[in-house]
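# Per-entry structural report
One letter stands for each residue in the lines below.
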Amino acid sequence: MAAGRGAYVWRFDSGRICLDLVATGPAGGTPRAREQLDGPGRLADWLTAARLVPPGTALSALDATWLTRFRELRAGVDRLMSAQLALDDGGVDPASVQRGFPGYGNALDRVNSLAAEAPPGPRAVRGESGALVRTLSAEPGCAGLLAVVARDAVDLLTDPAARGALRRCAGGACHRLYLDTSRGGRRRWCSGEVCGNRERVARHRRRTASTSAATTADEKPRRISAKEI
């Protein structure tokens, strides 16, 4: 799923909001990735697109401090998920995960601390059309919104089925995190339309180049007769 405002389109196809946050960083995984949360305004856009706050929600307190705190949570979640993948692959002994991943313990403590905060309270109110729409009981603070993402990370890491579905994209230039909920757990890419299509195009080009090279190699020089000289 993609959402956005203006020329920029956010991606929300990882399967979990905490993984979608990780994907906003310069190391988020996509080819030629750059920092997507590059200012308070961009963070406000992401919070709305991610449906952490309803459209039109006042975020008058949002400033550079919010940006720093969300980036710190993003780095911590990334570290924890990378460690979990290493555990699943058998590359790290669970008893020594903190030694194998510097900062793991601090990241876990940080995420747990943020998850303990109270998230914003939702309310259902009548919209202009008369239908019920979602709003919040009060203007959300930074701690409450961080708690939503942190709790999602805790839920993922403590749910055997969810963490067993954690994957990293197999695309040649991508290492985006996602949950594989496909039948049989055979999904290889973060998105079939993005990295999957990119890999299929690359394979086609390699096959075409290989066929062309083989055809050229099979062609033998034609002997010129005396009459043609």
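These notes cover the structure that comes with them. Computed from a predicted structure; not experimentally measured. (Residues numbered from 1 in each chain as written. Predicted model: local features only at pLDDT ≥ 70, side-chain atom pairs only at ≥ 80, totals over all residues. Heavy atoms only, no water.)

### Focus on the overall build of the chain
Of regular secondary structure, the chain possesses 8 helices and 6 strands. Taken across its 229 residues, the chain has 38% of its residues classed as buried. A fraction of 58% describes how many contacts in the chain between residues 6 or more apart in sequence connect residues 24 or more apart. With the model as given, the accessible surface of the chain reaches about 13,400 Å², and the carbon-plus-sulfur share is 51%. (Helix = DSSP H or I, 4+ residues; strand = E, 2+ residues; numbered from the N terminus. Buried < 20%, exposed > 50% of the residue type's maximum accessible area, 1.4 Å probe, protein only. Contact = heavy atoms within 4.5 Å. Areas by Shrake-Rupley, 256 points an atom, 1.4 Å probe, with all protein chains shown as cover.)

### Some points on the pairing of strand 4 (residues 132–136)
Pairing geometry for strand 3 (residues 122–126) and strand 4, over 5 bridges, is antiparallel. Note that in strand 4 the partner of Ala-124 across the bridge is Arg-134. Remark: 5 residues form the turn of the hairpin made by strand 3 and strand 4, two consecutive strands paired antiparallel; Gly-130 in that turn has positive phi of roughly 100 degrees. (Pairing = 2+ DSSP bridges.)

### A few points about the nonpolar core
Of all hydrophobic cores here, the largest spans 48 residues; its most connected members are Trp-46, Leu-47, Phe-70, Leu-73 and Met-81. Within the residue set of this core, elements represented by two or more residues are helix 1 (17–22), helix 2 (40–49), helix 3 (64–88), helix 5 (104–115), helix 6 (142–158) and strand 6 (177–179). Ranked by the residues each element gives to this core, the list is headed by helix 3, at 10 residues. Residues within four places of Leu-73 in sequence aside, it is in contact with Leu-21, Val-111, Leu-114, Leu-146, Val-149 and Ala-150. Grouped together as the second largest cluster of nonpolar side chains are 6 residues, Cys-169, Tyr-178, Trp-189 and Cys-190 included. (Core = buried A, V, L, I, M, F, W, Y, C linked by side-chain atoms within 4.5 Å.)

### Quick look at helix 2
By the burial criterion, the buried members of helix 2 are Leu-43, Asp-45, Trp-46, Leu-47 and Ala-49. Directly after helix 2, the chain includes Arg-51, whose backbone phi takes a positive value near 65 degrees.

### Considering helix 6
In this model helix 6 runs 24 Å from its N-terminal to its C-terminal C-alpha over 17 residues, within 8% of the 24 Å that 1.5 Å per residue would give. Buried within helix 6 are the following residues: Cys-142, Gly-144, Leu-145, Leu-146, Ala-147, Val-149, Ala-150, Asp-152, Ala-153, Leu-156 and Leu-157. Buried residues in helix 6 make contact with helix 1, helix 2, helix 3, helix 5, helix 7 (160–164) and strand 6. (Expected span 1.5 Å × (residues − 1).)

### Considering the side chain of Gln-36
You can see Gln-36 is positioned in the loop between helix 1 and helix 2. In terms of polar contacts, Gln-36 uses its side chain to reach the backbone carbonyl oxygen of Ala-23, at 3.3 Å. (Polar contact = N/O pair within 3.5 Å; in protein donor to acceptor, adjacent residues only side chain to side chain.)

### Some words on the environment of Glu-72
Checked against the element boundaries, Glu-72 lands in helix 3. When the C-alpha positions of Glu-72 and Ala-107 are compared, they lie 9.1 Å apart, and in sequence the two are 35 residues distant.

### Observations regarding the environment of Pro-120
When you line up the elements, Pro-120 lands in the loop between helix 5 and strand 3. With 23 residues separating them along the chain, Pro-120 and Ala-143 place their C-alpha atoms 9.2 Å apart. Apart from residues lying up to four places away in sequence, Pro-120 is in contact with Leu-136, Pro-140, Gly-144, Leu-145 and Val-148.

### Comments concerning the packing of helix 5 against helix 6
It is at 7 Å that the axes of helix 5 and helix 6 come closest, and there the two elements cross at 125 degrees. The orientation of helix 5 with respect to helix 6, classified from their angle, is oblique. Read as a crossing pair, helix 5 and helix 6 show a hand that is left-handed. Contact residues: helix 5 offers Val-111, Asn-112, Leu-114 and Ala-115, while helix 6 offers Leu-146, Ala-147, Ala-150, Arg-151, Ala-153 and Val-154. Within the contact of helix 5 with helix 6, the residues separate by chemical class into 8 nonpolar, 1 polar and 1 charged. (Axes fitted to C-alpha atoms, helices over the stretch in contact; angles between N-to-C directions. Parallel < 35°, antiparallel > 145°, perpendicular 65-115°, else oblique. Left-handed = near helix turned anticlockwise from the far one by under 90°. Nonpolar A, V, L, I, M, F, W, Y, C, P; charged D, E, K, R; others polar.)

### Quick look at the packing of helix 2 against helix 3
The interhelical angle for the contact between helix 2 and helix 3, taken along N-to-C directions, is 60 degrees, at an axis separation of 9 Å. Our classification of the angle between helix 2 and helix 3 gives oblique. In this structure, the crossing between helix 2 and helix 3 has a hand that is left-handed. When helix 2 is examined against helix 3, the residues Pro-40, Leu-43 and Leu-47 are found in contact with a partner set consisting of Ala-64, Trp-66, Leu-67 and Phe-70. Along the lines of polarity and charge, the residues of the contact of helix 2 with helix 3 split into 7 nonpolar, no polar and no charged.

### Some remarks on the packing of aromatic side chains
The description of an aromatic ring pair uses the distance of the two centres, along with the angle that the planes make with each other. Enumeration over the complete set of coordinates arrives at 1 aromatic pair. Seen from their ring centres, Phe-12 and Trp-46 are 6.2 Å apart, and the 40 degrees between their planes marks the pair as tilted. Of this pair, Phe-12 sits in the loop between strand 2 (8–11) and helix 1 while Trp-46 sits in helix 2; the two residues are 34 residues apart in sequence, bridging distant segments of the chain. The same class applies to Phe-12 and to Trp-46, which are both buried. (Phe/Tyr/Trp six-rings, centres within 6.5 Å; stacked < 30°, edge-to-face > 60°.)

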